[in-house]
Amino acid sequence: MVSQKKYPNFIWAIILSLIFLYGGSIIGEILTIPLYIIFLKIPLFFYNQNLLLLFLNLLTFATISSLVFFRVKVIERRSLSSIGLNKNNWLKKYLLGFFIGLVMMSIIVLILLSFGYITIEKNPIQPVGVSAISSVLVILFGWIIQGATEEIVTRGWLLNVLSNKYNIGVGLLISSTLFGLMHLSNPNVNYIAVINIILVGLFYGFYVIKTNDLWAVCGMHTAWNFAQGNLFGFEVSGIDVSVGSLIDLNLVGSDFVTGGIFGPEAGIVATFILLVSIGILLFIDKKGYFQVNL
């Protein structure tokens, strides 16, 4: 982080973050129109147009990242490594994060399954298993772009500039809260969902602060969404992504516990796992594992 730079105050920083997200999304939607026509000629997409629409929607996030990169490089005149995108061992860091995200969501599913809150869909409306592999790999690429983009905006840029302008506590609180509130317009959202997404933001933010690395949380974010939607077959943040899944599971019983049609991240089990995960980070930090200190 480069403290001598002049950074925006928290109001302007939040406005800029929203401009990145919504302005970039609109630009992305316009740019993907010709891609729709081109990709529609591919049999995989022609016979599963929901897959194509979801994939293109995830691709639009690339223009959001581009706006952030433009601001960092051209306006703020600093390197992308200053927002945590250092080239050193980037793939190793990303894969570690992906593994952590995958494990976290898998533990949530395992707990729900153990207590009878999950059933296997016997009449799936989407490709499942071996027949879904092509669709799953395509969507995984989309999740990689989407997950990385949200981290670049919230943890890479917003947390970074507010921490430099004020202090790390302010940066962590505002970036995590905005991350949660961004999902208020999602279908079937509830208060537990927003709280849990804020907790996700705190977990990711603390990890970035302690490691000065963004690659790992990009991997965590991607794996979290991918596992929910296309590994286990649930909704992702209230959005139906049933275009192909390795397993197709249903959440049954109390929405308070499971998250219901918003997906597992809106349930109290996810709250528990997120709190435990934050606790683990605090514990290993106390043991001096991290080299970057608060």
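Residues numbered from 1 in each chain as written. Predicted model: local features only at pLDDT ≥ 70, side-chain atom pairs only at ≥ 80, totals over all residues. Heavy atoms only, no water.

Draft legend 1. Representation of the overall build of the chain in the model. Each helix and strand counted, the chain has twelve helices and two strands in total. Walking the chain from its N terminus toward its C terminus, one meets helices and strands in the order α-α-α-α-α-α-β-α-α-α-α-β-α-α. For a compact globule of 294 residues, the expected C-alpha radius of gyration is about 19 Å, and the chain comes in at 19 Å, within 12% of that figure. If you line up the chain on its principal axes, its C-alpha atoms span 60 × 45 × 35 Å. (Helix = DSSP H or I, 4+ residues; strand = E, 2+ residues; numbered from the N terminus. Rg over C-alpha atoms; globule rule 2.2 N^0.38 Å.)

Draft legend 2. Spatial organisation of the nonpolar core. Ranked by size, the top nonpolar core spans 86 residues in total, and within it Ile108, Ile139, Trp157, Trp224 and Phe232 carry the most contacts. The element contributing the most residues to this core is helix H7 (residues 133–165), with 14 residues. (Core = buried A, V, L, I, M, F, W, Y, C linked by side-chain atoms within 4.5 Å. Buried < 20%, exposed > 50% of the residue type's maximum accessible area, 1.4 Å probe, protein only.)

Draft legend 3. Region of interest: the UniProt feature "transmembrane region" (unreviewed entry) in the chain. Feature annotation in UniProt places "transmembrane region" (unreviewed entry) on residues 12–39, 51–74, 94–118, 124–145, 166–185, 191–209, 230–247 and 267–284, given in this structure's numbering. Between the first and last C-alpha atoms of residues 124–145 the distance is 27 Å; the span itself is 59% helix and 0% strand. In residues 166–185, helix accounts for 70% and strand for 0%; the two terminal C-alpha atoms are 29 Å from one another. (UniProt positions renumbered as here; feature names shortened; annotations may be inferred.)

Draft legend 4. Summary view of the packing of aromatic side chains. All told, the structure shown has eleven aromatic pairs when counted by the stated rule. Judged by centre distance (6.4 Å) and plane angle (65°), the ring pair of Phe10 and Tyr166 falls under edge-to-face. On the criterion of sequence distance, the pair formed by Phe10 in helix H1 (residues 10–31) and Tyr166 in the loop between H7 and helix H8 (168–181) is long-range, its members being 156 residues apart. Residue classification places Tyr166 among the partly exposed positions, given a relative accessible area of 35%. Relative to Trp157, the ring of Phe20 has its centre 5.2 Å away and its plane inclined at 85°; by these criteria the two rings are edge-to-face. Here Phe20 is found in helix H1, whereas its partner Trp157 is found in helix H7, with 137 residues between them in sequence. Judged by relative accessible area, Phe20 falls into the buried class, the value being 5%. The class of Trp157 is buried, set by a relative accessible area of 0%. Three or more aromatic residues link up through ring pairs in this structure, and these residues are Phe39, Phe45, Phe55 and Phe141. (Phe/Tyr/Trp six-rings, centres within 6.5 Å; stacked < 30°, edge-to-face > 60°.)

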